[in-house]
Amino acid sequence: MSKNLSDGVGSLERSIDWKQGLAIALGVPLLILPSLGYLPMYLSAAAILVWGLSVLQGFMQNAAYAELATTFPKASGLPGFAQHIFRTENFKGKYDKGKLIGGFSAWSYWFAWNPVLAIFSILVGGYLHGLFPALGETFTEYQLSLISGLVIFTGLFVVSWFGLKEGAILGYILAAVSLIPLVVLTVAPFATGHVDLSNITGNWVPTDWAWDMHHILILFGIFAIAQWSACGWETAAIYGPEYKNPSKDVPKALFACGVICFFAYVLVQAAVIGVLGVDGVIAEPVSPLIPVAQAVFGEAGAMITIIMLIAAMILIIQTAYLGSSRAMHSMATEGNLPRIFGKTNRHGTPFIALLVTAAFNMVLISMGSLAAILAAAAIGYTCANGISLFAYVKAKKHPAFADLERPFKAPRGWKHVAMLFGLFNLPLCVIGVVYLNSLEIGWASTWLGFIVLSLYIPIWFYSQHETRRSNNKAAAAGSSANESSYDAADPERVLDPR
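Scoring rules and cut-offs
Residues numbered from 1 in each chain as written. Predicted model: local features only at pLDDT ≥ 70, side-chain atom pairs only at ≥ 80, totals over all residues. Heavy atoms only, no water. Helix = DSSP H or I, 4+ residues; strand = E, 2+ residues; numbered from the N terminus. Rg over C-alpha atoms; globule rule 2.2 N^0.38 Å. Buried < 20%, exposed > 50% of the residue type's maximum accessible area, 1.4 Å probe, protein only. Contact = heavy atoms within 4.5 Å. Areas by Shrake-Rupley, 256 points an atom, 1.4 Å probe, with all protein chains shown as cover. pLDDT = per-residue confidence, 0-100. Expected span 1.5 Å × (residues − 1). Salt bridge = Lys/Arg side-chain N within 4 Å of Asp/Glu carboxyl O. Axes fitted to C-alpha atoms, helices over the stretch in contact; angles between N-to-C directions. Parallel < 35°, antiparallel > 145°, perpendicular 65-115°, else oblique. Left-handed = near helix turned anticlockwise from the far one by under 90°. Core = buried A, V, L, I, M, F, W, Y, C linked by side-chain atoms within 4.5 Å. Nonpolar A, V, L, I, M, F, W, Y, C, P; charged D, E, K, R; others polar. Phe/Tyr/Trp six-rings, centres within 6.5 Å; stacked < 30°, edge-to-face > 60°. 1 Å grid on protein atoms, 1.4 Å probe; cavity = no way out; pocket = protein on both sides within 12 Å on 5 of 7 lines; lining within 4 Å. Points joined across faces, edges and corners; volume = space filled by probe spheres on them.

### A look at the overall build of the protein chain
1) Next: Along the backbone of the protein chain there are 19 helices and zero strands.
2) Next: Taken over the C-alpha trace, the protein chain has a radius of gyration of 24 Å; the compact-globule value for 498 residues is 23 Å, and the two agree within 12%.
3) Next: Burial status across the protein chain gives 57% buried among its 498 residues.
4) Next: Within the protein chain, counting contacts between residues at least 6 apart in sequence, those at least 24 apart form 83% of the total.
5) Next: Counting every atom, the protein chain has about 20300 Å² of accessible surface; 67% of that belongs to carbon and sulfur.

So, in structure tokens, the structure goes:
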């Protein structure tokens, strides 16, 4: 049971082991679904290589995050690390710039994971529209997306109300429903001979590809989009305060999920291109797995695939829903968001953060543009990773953190690796994704991303004002208590009637 602290911010409950953390994070391998047809549009079959390199990038980054998770076991993953490391201890001024940087990283992370709910609710609505003709006659895809989001968010909120352990149980169920058929659908084309390797080797890069600044910027943007999916298994570390034994559970959950992601991302993209060819994938950019299932298993297989994908999307939504709410709770705990977002129920669930996350995504669904939402989220994710990796470098060098116990240690010299990938994220991937957005869908997604990120500034200043006001009240209450105690001890003292 969680304990509600005096300032209204509740603590999280240590209730899961590494297998349960892995179960919740198993939605991450399925994040490839929105981009299966997107990457080949720009890179042809080389998209397979980009997925592999992006997961390896995840191993580089997550080795640093695993060390931070065991060094700061009470911090909630990326958002918690950055906030804790950048804040200035015993700060006496009005506004701590370091605290602002750490809070902005957490806000970026929240915005990176948050739109997953909207993106996959839109996809669920589209699949339902095509799967059940009767629904298609009654509702539009847009209406089904809104209904799907409302139903899924409500159901997940009810499950999450009873604690993270119950969320892990749902993760086991959805993983069995979605991951196992996905593995079968990935392996079957190779086993049945439906994969034509010439579709891969003969279309490795686009015919007009050149190593000029235009294509290099596109490549950086593609890596930003791919990172949003292929590096997302760092979410297993965000439950650090809820693992029973974080020093052992966090690395196990992280790297087990990473291995699964590597094979899933490389093989799924290879199977899709191998069966359909690059042109066939581009012709089905949203759901290329459906024609793959039709080719291998016939119409019945396509029906099973749609049902499987809907279950997979619910699993992804659950992963993002829990991760986003923990990010908000972490920010409230650190004083970087108003305290109300840190409130927990008696099961240790940050229920206010869950409600706000659901409401924000209902607004995103109403926008209707999946591509714009995904691109905006990628901007947030690159910012969060860049700042978090710089936090790792500071934690290795700063005297206040250098001598802390580290139950799990990344290889020697890893701060240089973290610095390299921090610079890769900020500014290179951010510049690349903004450039890519401007070419493909205009400036809408870029403005959406930067506006949401910039909203953090006024919210942060309000949070600092709230914290100072609370501290002043606590100090005044303490002073009054001391004065009352003094008066009771000295009955001859005359109280000031004012």
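Still more ground to cover, so stick around.
### What about the confidence of the model for the protein chain?
1) Next: Per-residue confidence for the protein chain gives a mean pLDDT of 86; residues scoring 70 or more make up 92%.
2) Next: Confidence drops under pLDDT 50 across residues 485-498; counting only partners more than four residues distant or on other chains, this segment forms three contacts.

### Digging into helix H14 (residues 351-367)
1) Next: Between its first and last C-alpha atoms H14 spans 25 Å; for 17 residues at 1.5 Å apiece the expected length is 24 Å, and the two agree.
2) Next: Within H14 the residues assigned to the buried category are Phe351, Ile352, Ala353, Leu354, Thr357, Ala358, Asn361, Leu364 and Ile365.
3) Next: Count one or two residues on from H14 and you reach Gly368, which has phi positive near 80°.

### As for the pattern of salt bridges
1) Next: Inspection of every chain in the model, using the stated rule, returns seven salt bridges.
2) Next: With a closest N to O distance of 3.7 Å, Asp17 and Lys19 form a salt bridge.
3) Next: Given the relative accessible area of 42%, Lys19 is considered partly exposed.
4) Next: The partner of Arg87 in a salt bridge is Glu89, and the shortest N-O contact between them spans 3.3 Å.
5) Next: Through salt bridges with shared partners, one network takes in Glu67, Lys396 and Arg406.

### Details of the packing of helix H6 (residues 116-131) against H14
1) Next: At a minimum axis distance of 8 Å, the contact between H6 and H14 shows a crossing angle of 50°. Of the possible angle classes, the one that applies to H6 and H14 is oblique. Crossing angle aside, the handedness with which H6 passes H14 is right-handed. Facing H6, whose interface residues are Leu117, Ala118, Ser121 and Ile122, H14 presents Thr357, Asn361, Leu364 and Ile365.

### Let's talk about the environment of Ile340
1) Next: In this fold, Ile340 is placed in the loop between helix H13 (289-333) and H14.
2) Next: A C-alpha to C-alpha distance of 54 Å links Ile340 and Asn199, two positions 141 residues apart in sequence.

### Things to note about the nonpolar core
1) Next: Leu31, Phe120, Ile222 and Tyr265 are the most contacted members of the largest nonpolar core, which has 160 residues in total.
2) Next: Broken down by element, the residue count for this core peaks at 22 residues, all from H13.
3) Next: The contact partners of Ile222, leaving out residues within four places of it in the chain, are Tyr38, Leu39, Tyr42, Leu43, Val50 and Leu436.

### Section: the packing of helix H5 (residues 97-113) against helix H15 (residues 370-397)
1) Next: Between H5 and H15, the shortest axis-to-axis distance is 7 Å and the interhelical angle comes to 145°. At the point where H5 passes H15, the crossing takes the left-handed sense. In this structure, H5 contributes Ile101, Phe104, Ser105, Ser108, Tyr109, Phe111, Ala112 and Trp113 to the contact, and H15 contributes Ala376, Ala377, Gly380, Tyr381, Cys383, Ala384, Ile387 and Ser388.
2) Next: Residue classes in the contact of H5 with H15 are distributed as twelve nonpolar, four polar and no charged.

### Remarks on the packing of aromatic side chains
1) Next: Tallying each qualifying case throughout the model produces 20 aromatic pairs.
2) Next: The interplanar angle of 55° and the centroid separation of 5.7 Å between the aromatic rings of Tyr38 and Tyr42 together place this pair among those described as tilted.
3) Next: A residue is classified by how much of its surface remains accessible, and Tyr38, at 13% relative accessible area, is buried.
4) Next: Ring geometry for Phe157 against Trp161: centres 6.0 Å apart, planes inclined by 50°, an arrangement best described as tilted. Placement of the pair is Phe157 and Trp161 together in helix H8 (residues 141-161), with a separation of four residues, close to one helical turn.
5) Next: For Phe157, a relative accessible area of 18% gives the class buried.
6) Next: In this structure Trp161 comes out as partly exposed when scored by relative accessible area, which is 31%.

### Quick word on empty space enclosed by the protein
1) Next: Inspection of every chain in the model, using the stated rule, returns one cavity of 30 Å³ or more.
2) Next: Lining the largest cavity are Leu33, Leu36, Tyr127, Val286, Ser287, Pro288, Leu289 and Leu309.
3) Next: Tallied by class, residues from the lining of the largest cavity come to seven nonpolar, one polar and no charged.

### Comments concerning the side chain of Ser105
1) Next: In this structure, Ser105 sits in helix H5.
2) Next: If we ignore the near neighbours within four places in the chain, the residues touching Ser105 are Ala82, Ala384, Ile387 and Ser388.

### Examining H6
1) Next: The terminal C-alpha atoms of H6, which comprises 16 residues, lie 22 Å apart, in line with the 22 Å expected from a rise of 1.5 Å per residue.
2) Next: Taken across its 16 residues, H6 has 13 buried, putting it largely inside the fold.

### Re unusual backbone geometry
1) Next: Omega for the bond connecting Leu426 with Pro427 falls within 30 degrees of zero, at 20°, which places this linkage in the cis form.
2) Next: Take Pro427: it is sitting in helix H17 (residues 414-440).
3) Next: Even without a glycine there, the phi angle at Ser44 is positive, about 55°.
4) Next: Along the polypeptide, Ser44 turns up in the loop between helix H2 (39-43) and helix H3 (47-71).
5) Next: By relative accessible area, Ser44 is classed as buried at 9%.

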